Amino acid sequence: MRDDIKPGEILDLLKKKIAGFESSPSESEVGKVIQAGDGIARAWGLDNVLSGELVEIDIPGGDIVHGMVMNLEEDSIGIILFAGCDKVQEGFTVRRTGRVAEVPVGEALLGRVVDPLGIPIDGKGEPATTQKRKVEIKGPGITDRQDVQEPLQTGIKAIDAMIPIGRGQRELIIGDRRTGKTAIAVDTIINQKNNAEEDRVYCFYVAIGQKRSSVVQLVETLRKHGALEYTTIIAATASDPAAFQYLAPYAAVAMSEYFRDHGKHALIVFDDLTKHAQAYREISLLMRRSPGREAYPGDIFYLHSRLLERAAKMSDEKGGGSLTALPIVETQEGDVSAYIPTNVISITDGQIFLEANLFNSGLRPAINVGISVSRVGGDAQITAMKKTAGSLRIDLAQFRELAAFMQFSSDLDVTTRKQLDRGERLTEILKQHQYAPLDVFKQVLIIKAALSGRLDKYPSNRLKRYETEFFNYVDENETSFMDELRAAKAISKEADKELIRIFNDFDAKFKPDSADVDIDAGYTVNMAMAINRGQASFNRDMINLIESVTARELATPSLEEELQQIMDGKDVLEKDRFDQLIENCTILDPDETEDIEGAFMHVSEIISETYPELAVQTLYDKLIEREQTSSTALTSFFAIPHIVIEGENMFDIIIMRSRKGIHFSDTCPNVHAIFFLVGTIDQRHYHLVALSAIAQIVQNPAFDKEWMSARDVSTLRTILRYGKRKREKKG
């Protein structure tokens, strides 16, 4: 019998069986998890699944974890998992959904905070929209686009004048950590509220890998400035899986494309693509994809190119809408030649480079105009700005080149001196506070005043006051001229003559020497930070920073010798003055003060009583403005707010204890000891002496405990009086 069965017949039979085999739908639509962990899963059995398709994993108890297919291999698939990924285990059932990743879109998402799947996380319920859009789609083709020719006003003078951004452009914001990258993007969003409804720019902010507290703070900032109503925030925070951080920018682009494709205008901010690339690298390594340079996978360039190519200015046949992208990339020590920065630079239409040295020297925004560029250029500017600011970049470049050589020469000719003075004033005019975007037509006026030499006669520390009062004057007296300028968007010969008349009229009213009060440019905080290092040697970078800032603000060529002399105790001229100041100063110990606004108002009232020529509201506004630009809390326990006033031979100190603590910043939420310094510039040396004495007092290891346990103001004064002496004896 065995000899009757031939091997060839068996082979033919098996071939027929295999050829006729068809898997049932249930077998191809359902699979099993064979491996899970670190936010990814591998599954077997989903033969017909698509790349990018959403899948559902059943969790015991009725829960479902969603994921997206990333890898298609011969006998298994790789899945990136979203929320609840820690619950997935080997053996769980995986089901196809038949849908690729998609998110809800529409105007119902405006004013909302959602995750990368479009699920609200702001506690306001589901958005009232049934429209959905695929997360991954091709960008518009060349024939569907048109040239970028409409400006997207950021409200930031340095950008709108020298690095203009057009609707449909991709402009990179790049720089080290904490140099103001996000501030530029947020100011741009806030500035869009000034547009007419028919010209509205709908904004989308993508938070990738940030702290949840930072996202909450951003939401409150936008709400406070009236910008949240036209903004959607897509948040994939640091605590979310890498899959969420990877998906977030694509989901946000899909939401913003809804407006672009309906003939409207949208702006999207990716904050930031460095963390996005790191999340993708993490996923790729876990998926066992081949690592390349810096362990990034080979398709890392495609990761961002397919994202940013979706920003476009659509043709008139396609509705004429636009999507503008502002990607943010973080550098290390200003290295723009690193892998991810060079990738994104080659994809975008220009970059705004923020330099840490400029930021630390008080230039805000800290834009390096030398390597910052917009490849759209004047096409993204109104005619008035294009003609007014045409020479601004060249003038600034020449100024900085001259300034670099100024330190080697003590004798400058008149022409060079004038050029340096002009450059210094141009730099001062381009400074701008955060959350204070400026109307582009007002930008044109102040830049025209600076480039024409009209401001050369004023001290540089008076130009901010000139700018503020000039804008107030124009708003009150020249509304018809501004209306005509906005309508024409250009300065005709007649308008130019009228503008000269306006400048002359204001110059006759402006009194630069009558400035009541001004806030320092941060130099006192920097001094205190250096002095606070005790007897240890000074940090060289900090000393250089102090010297560069104070050389302009206080006309002091060098501080190092003076600072070191104070620290060494060789300065005997001011020996007893601080003790007398402590003996006679006002010390406040209000139990009811819990917020910074109440504390600053209380102190402003006391200062105004001592110096009646200073208005309470002016003092208060300046103190608040100072805190918004840079917190004066030097540690989590004590702060030194400082005001410079006009006049001579005046210096005072007001000290406050707050048992409950005052919130100065997120890093210093409970400041208990606040030293308010107020004085004139001729007392510059004593400013340093007072800061040094305060630093020595608070460095006493027992200071915090003694300060909080003191029963009354008299005891507080005793702690201050003898704290410095104890420190000196110990030294």
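Small disclaimer: the values here were computed from a predicted structure and weren't measured.

**Focus: the sheet that holds strand β4 (residues 63–72)**
What links the strands of a sheet is backbone hydrogen bonding, and the strands pair in either a parallel or an antiparallel sense. Spatial strand order, β1-β2-β5-β4-β3-β6: six strands in a closed barrel with antiparallel pairing. Sheet twist, expressed as the average angle between the axes of neighbouring strands with direction ignored, equals 45 degrees.

**Some remarks on the confidence of the model for the protein**
On average, residues of the protein score 84 in pLDDT, and 85% of them are at 70 or above. Predicted confidence is poor over residues 514–558, with pLDDT under 50, and the contacts of this stretch with residues over four places away or in other chains come to 102 contacts. Segment residues 726–731 is flagged for pLDDT under 50; beyond a separation of four residues in sequence, or across chains, it makes seven contacts in the model.

**Let's talk about helix α15 (residues 463–477)**
Quick reminder: α-helices carry 3.6 residues per turn. Residues three or four places apart thus point the same way. The first and last C-alpha atoms of α15 sit 20 Å apart over 15 residues, in line with the 21 Å expected at 1.5 Å per residue. Buried residues in α15 make contact with α3 (157–162), α13 (414–430), α14 (440–451), α16 (479–488) and α17 (493–509).

**What about the side chain of arginine 657?**
Note that arginine 657 resides in strand β22 (residues 651–662). Of note is the side chain of arginine 657, whose polar atom sits 3.0 Å from the backbone oxygen of alanine 710. When neighbours within four sequence positions are excluded, arginine 657 is seen to be in contact with Leu588, Asp589, Pro590, His672, Trp707, Met708, Ser709, Ala710, Arg711 and Leu716.

**Points about empty space enclosed by the protein**
Following the criterion strictly, the structure yields three cavities of 30 Å³ or more and no others. Empty space within the largest cavity amounts to approximately 70 Å³. As for the largest cavity, its lining consists of Ala158, Met162, Leu363, Pro365, Ile367, Val369, Leu396, Arg400, Thr427 and Leu430. Going through the elements one at a time, α3, α12 (392–406) and α13 are the ones with two or more residues in the lining of the largest cavity. Taken together, the residues of the lining of the largest cavity break down into eight nonpolar, one polar and one charged. In this structure, the second largest cavity spans a volume of roughly 40 Å³. Lining of the second largest cavity is provided by Pro151, Leu152, Gln153, Asp160, Pro164, Ile165, Ala380, Gln381, Ile382, Met385 and Val440. Class assignment for the residues of the lining of the second largest cavity results in eight nonpolar, two polar and one charged.

**Remarks on the packing of helix α6 (residues 242–260) against helix α7 (residues 273–286)**
Pairs of packed helices are described in terms of their axes, by the angle between the two and the distance that separates them. For the pair α6 and α7, the least separation of the axes is 8 Å and the interaxial angle reads 130 degrees. Overall, the two elements α6 and α7 adopt an arrangement that is oblique. For the pair α6 and α7, the crossing hand works out as left-handed. In contact with Ala242, Ala243, Gln245, Tyr246, Pro249 and Tyr250 of α6, α7 contributes Lys275, His276, Ala279, Tyr280, Glu282 and Ile283. Across the contact of α6 with α7, the residue classes tally to eight nonpolar, two polar and two charged.

**Overview of the pattern of salt bridges**
Close approach of charged atoms allows side chains with opposite charge to pair. According to the stated counting rule, one finds 41 salt bridges in the structure shown. Among the ionic contacts, a cluster of salt bridges with common partners joins Arg133, Glu257, Arg260, Asp261 and Arg310.

**A short note on the packing of α15 against α17**
Here α15 crosses α17 at 120 degrees, and the two axes come no closer than 11 Å. Between α15 and α17, the crossing angle belongs to the class labelled oblique. Crossing of α15 against α17: the hand is right-handed. Contacts between α15 and α17 involve Tyr466, Glu469, Phe470, Tyr473 and Val474 from the first element and Ile502, Phe503, Asp505, Phe506, Asp507 and Lys509 from the second. Its residues assigned to classes, the contact of α15 with α17 comprises seven nonpolar, no polar and four charged.

**Overview of the environment of alanine 695**
For alanine 695, the location among the structural elements is in helix α24 (residues 684–698). A residue is classified by how much of its surface remains accessible, and alanine 695, at 5% relative accessible area, is buried. For the pair alanine 695 and leucine 634, spaced 61 residues apart in the sequence, the C-alpha separation amounts to 10.0 Å.

**Re α6**
Look at α6: 28 Å from first C-alpha to last across 19 residues, which is about the 27 Å you get at 1.5 Å a residue. Here α6 lies mainly inside the structure; 19 of its 19 residues are buried.

**Some remarks on the packing of aromatic side chains**
Enumeration according to the criterion identifies 22 aromatic pairs in this entry. Between tyrosine 466 and phenylalanine 470, the aromatic rings sit 6.1 Å apart at their centres with planes inclined by 15 degrees, giving stacked as the arrangement. Here phenylalanine 470 and tyrosine 466 lie together in helix α15, a separation of four residues that amounts to about one turn. Neither tyrosine 466 nor phenylalanine 470 differs from the other in exposure class; each is buried. Cluster of aromatic residues (ring-pair linked, three or more members): Tyr458, Tyr466, Phe470, Phe471, Tyr473, Phe503, Phe506 and Phe510. When the ring centre of tyrosine 296 is taken as reference, the NZ or CZ atom of arginine 281 above it lies at 4.3 Å. The ring of phenylalanine 359 has arginine 364 lying over it, and the distance from NZ or CZ to the ring centre is 3.8 Å.

Calculation criteria
Residues numbered from 1 in each chain as written. Predicted model: local features only at pLDDT ≥ 70, side-chain atom pairs only at ≥ 80, totals over all residues. Heavy atoms only, no water. Pairing = 2+ DSSP bridges. Helix = DSSP H or I, 4+ residues; strand = E, 2+ residues; numbered from the N terminus. Axes fitted to C-alpha atoms, helices over the stretch in contact; angles between N-to-C directions. pLDDT = per-residue confidence, 0-100. Contact = heavy atoms within 4.5 Å. Expected span 1.5 Å × (residues − 1). Polar contact = N/O pair within 3.5 Å; in protein donor to acceptor, adjacent residues only side chain to side chain. 1 Å grid on protein atoms, 1.4 Å probe; cavity = no way out; pocket = protein on both sides within 12 Å on 5 of 7 lines; lining within 4 Å. Points joined across faces, edges and corners; volume = space filled by probe spheres on them. Nonpolar A, V, L, I, M, F, W, Y, C, P; charged D, E, K, R; others polar. Parallel < 35°, antiparallel > 145°, perpendicular 65-115°, else oblique. Left-handed = near helix turned anticlockwise from the far one by under 90°. Salt bridge = Lys/Arg side-chain N within 4 Å of Asp/Glu carboxyl O. Buried < 20%, exposed > 50% of the residue type's maximum accessible area, 1.4 Å probe, protein only. Phe/Tyr/Trp six-rings, centres within 6.5 Å; stacked < 30°, edge-to-face > 60°. Lys NZ or Arg CZ within 6 Å of the ring centre and 35° of its normal.

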